[in-house]
Amino acid sequence: MRIVVLGATGQTGQYLVNQALHQGHVVTAVARNPGKMTVMHDKLQVVEGNIFSEESLKPLFKDHDAVISCLGFPASAFSGVTGYTQSMKAVIGAMRETKMNRLIAMTSCVLTNMYEMENFLKDTDDINWTVVRPPGLKNESATAKEILTHEGYFVPDERGSPIGQTIARGDVARFMLSLLNSNAWVKKGVAMITK
Ligand SMILES: NC(=O)c1ccc[n+]([C@@H]2O[C@H](COP(=O)([O-])OP(=O)(O)OC[C@H]3O[C@@H](n4cnc5c(N)ncnc54)[C@H](OP(=O)(O)O)[C@@H]3O)[C@@H](O)[C@H]2O)c1
């Protein structure tokens, strides 16, 4: 597939880009600072783009099959976080203009603005979105472990308590990429963890 990766220069994003290329996908990595991207590959194009601007994203999205977002915006004590909703509005606008309808984005349950972004997506009927909600992220490569999933904010054990508190960023990337070939979690928020 031809995929656009947002947040490609981030910690999860870099795992995801590497795995996507390894799986044979053609990747367009959109970055505010393309020089930060350390991965090089003949099927990887790193382009400068403004994730808050539909006009900036539109030409970059053209002729792609899906958008995967690993964007993250740090919490600030001085100002509220708005990056999730602001970027998602531009992304959805650009996807509509370029007739793309598969979106896979990662969030968690920490920031109000993540909820707001997810609520915005719930009102987006024409896009096949999936929100992936991992627990705490570790900077580790993908494993071969089984991935457990649950619709909601965490994967519960038999008593209803969360199974595990952390996951390798490589495994989050592995799960997000697996969704390119699956309709299982379309228009849903899915919590995930490795067994
Ligand atoms: N930390 C956890 O334990 C945890 C748990 C569950 C979910 N999550 C969520 O998972 C997501 C990914 O986490 P991560 O730790 O892999 O992220 P990360 O390393 O902080 O990377 C964030 C990415 O977003 C980009 N970005 C941030 N602000 C931007 C802006 N204004 N314009 C353009 N790009 C911008 C960064 O670009 P630059 O490289 O240019 O800065 C980077 O590529 C986040 O949404 C995070 O909240 C985190």
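Residues numbered from 1 in each chain as written. Predicted model: local features only at pLDDT ≥ 70, side-chain atom pairs only at ≥ 80, totals over all residues.

### Focus on the nonpolar core
Counting 54 residues, the largest nonpolar core has V5, L6, L16, V67, I68 and M176 as the members making the most contacts within it. Considering each element in turn, this core owes the most residues, seven residues, to helix α3 (residues 83-97). Those residues within four positions of I68 in sequence are excluded, and the remaining contacts are I3, V5, L16, I104 and M176. (Core = buried A, V, L, I, M, F, W, Y, C linked by C-beta atoms within 7 Å. Buried ≥ 20, exposed ≤ 12 C-beta atoms within 10 Å, placed from the backbone. Helix = DSSP H or I, 4+ residues; strand = E, 2+ residues; numbered from the N terminus. Contact = placed C-beta atoms within 7 Å.)

### Points about the pairing of strand β4 (residues 66-69)
Residues of β4 alternate between two faces, with A66 and I68 on one and V67 and S69 on the opposite face, all of them buried. With four bridges joining them, strand β1 (residues 2-6) and β4 adopt parallel strand pairing. Bridged to I3 within β4 is A66. The sheet contact formed by β4 and strand β5 (residues 102-106) spans three bridges and is parallel. Bridging from a neighbouring strand, I68 pairs with I104 of β5. Regarding topology, α3 serves as the crossover connection from β4 to the parallel β5, and that connection is right-handed. (Pairing = 2+ DSSP bridges. Right-handed = clockwise from strand over helix to strand, strands pointing away.)

### Details of unusual backbone geometry
A positive phi angle is found at D63, which is not glycine, with a value near 65°. Mapped onto the elements of the fold, D63 is located in the loop between α2 (54-61) and β4. Accessibility expressed as a C-beta count within 10 Å gives 10 for D63, which makes it exposed. The phi angle at K99 is positive, at roughly 60°, despite the residue not being glycine.

### Quick notes on the sheet that holds β5
Ordered in space as β3-β2-β1-β4-β5-β6-β10-β8, the eight strands form an open sheet in which the pairing is mixed. Strands at the two margins of the open sheet, each flanked by one partner only, are β3 (44-48) and β8 (147-151). When strand polarity is set aside, the average angle formed by the axes of neighbouring strands in this sheet is 25°. Bridge count for β8 against strand β10 (residues 188-194) is five bridges, and the pairing is antiparallel. (Axes fitted to C-alpha atoms, helices over the stretch in contact; angles between N-to-C directions.)

### Let's talk about the site of the ligand
Within the structure, the ligand sits among 22 residues, and T9, G10, T12, G72 and S108 are positioned closest to it. At the level of elements, α1 (11-22) and β7 (136-138) are the ones that each hand at least two residues to the shell around the ligand. Examining the composition of the shell around the ligand, we find that three residues originate from one element, α1, more than from any other. Considered class by class, the residues forming the shell around the ligand number seven nonpolar, twelve polar and three charged. (Near = placed C-beta within 6 Å. Nonpolar A, V, L, I, M, F, W, Y, C, P; charged D, E, K, R; others polar.)

### Digging into the environment of A29
Take A29: it is sitting in strand β2 (residues 26-31). Taking C-alpha positions, A29 is 6.2 Å from Q45, a pair spaced 16 residues apart along the chain. Those residues within four positions of A29 in sequence are excluded, and the remaining contacts are V5, A8, V17, M37, L44 and V46.

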